[in-house]
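Structure assessment
The residues making up each chain are set out below.
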Amino acid sequence: MLTIFRIVDTATPIKSKPASLGARHLAAIYNHILDTGVPTELEAGEVEGIAMNFEFNANSVSLAKFAQIFVGRDDLLAIAEEAQFHGRSLRISKGASDHFASLCVSEHIALSPEITMSKDRADSVLKCLGLDRETSGTICITRLREMLSQTATRQRFSELGLDAAYDYLASYCAIEHGNTDPMLAWV
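Residues numbered from 1 in each chain as written. Predicted model: local features only at pLDDT ≥ 70, side-chain atom pairs only at ≥ 80, totals over all residues. Heavy atoms only, no water.

Considerations on the pairing of strand β4 (residues 54-57)
Applied cut-off: Two strands make a pair as long as DSSP finds a minimum of two bridges between them. Here a strand is any run of E in DSSP of at least two residues, a helix any run of H or I of at least four, and the numbering for each starts at the N terminus.
The pairing of strand β3 (residues 40-42) with β4 spans three bridges and is classified as antiparallel. When the sheet's bridge partners are listed, T40 is paired in β4 with F56. Two elements, β4 and strand β5 (residues 88-93), share four bridges in a ladder whose sense is antiparallel. Of the residues in β5, the one forming a bridge with E55 is R91.

Next up, the structure:
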């Protein structure tokens, strides 16, 4: 079983609301993503090229390209613009509603890729941080930065051979998140 660590922001208010995304707009954005090699994060069970539930870094597509794709759909353009402003991913999902699909700003910070590791290794990382998987699923980046700056924490990571995990978490903490205070989450 795998554990995924990623940076999320659930506290910053998002002004845009999810909007319906027709087949024409979905095809246009998805073709652009595929043609330019923009990485997508597919939901489990989705297949590249025909996915209906996925996320991608909003900043990997220019706002001008979004404007070209979403002609006449200011609501979709506003969502893309807000996602870019906050450094978030955009989420496209096929819901149970009457709409073909929907577009919304994701809680995932797109500037920091996720870390995937085995459950045992992740449990060791959490142990080094003095955290328990059962009692918590997130830690504030500010708090994580403080913990990683402690010599004893660094030593625990080294003793368990987790230097690469330490360096990766430290790089998460070095990313400038503007006026937000995101969280490191794990599932």
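Now that the structure has been shown, the text picks up again.
As for the pattern of salt bridges
Defined as follows: A side-chain nitrogen of Lys or Arg and a carboxyl oxygen of Asp or Glu constitute a salt bridge if their distance falls within 4 Å. Three labels apply to residues, based on accessible area from a 1.4 Å probe with only protein chains included: buried if under 20% of the type maximum, exposed if over 50%, partly exposed otherwise in between.
Tallying each qualifying case throughout the model produces eleven salt bridges. Between R91 and E43 there is a salt bridge, with the nearest N and O atoms lying 1.8 Å from each other. With R91 in strand β5 and E43 in the loop between β3 and β4, this residue pair connects regions lying 48 residues apart in the sequence. Judged by its relative accessible area of 34%, E43 falls in the partly exposed class. Across the pair D123 and R133 runs a salt bridge whose closest N-O atoms are separated by 2.8 Å. A residue pair is termed long-range when its members are at least 10 positions apart, and D123 in helix α4 (residues 119-128) and R133 in the loop between α4 and β8 (138-140) qualify at ten residues. What makes D123 partly exposed here is its relative accessible area of 25%. Three or more residues are tied together by salt bridges with common partners; here these are R6, E41 and E114.

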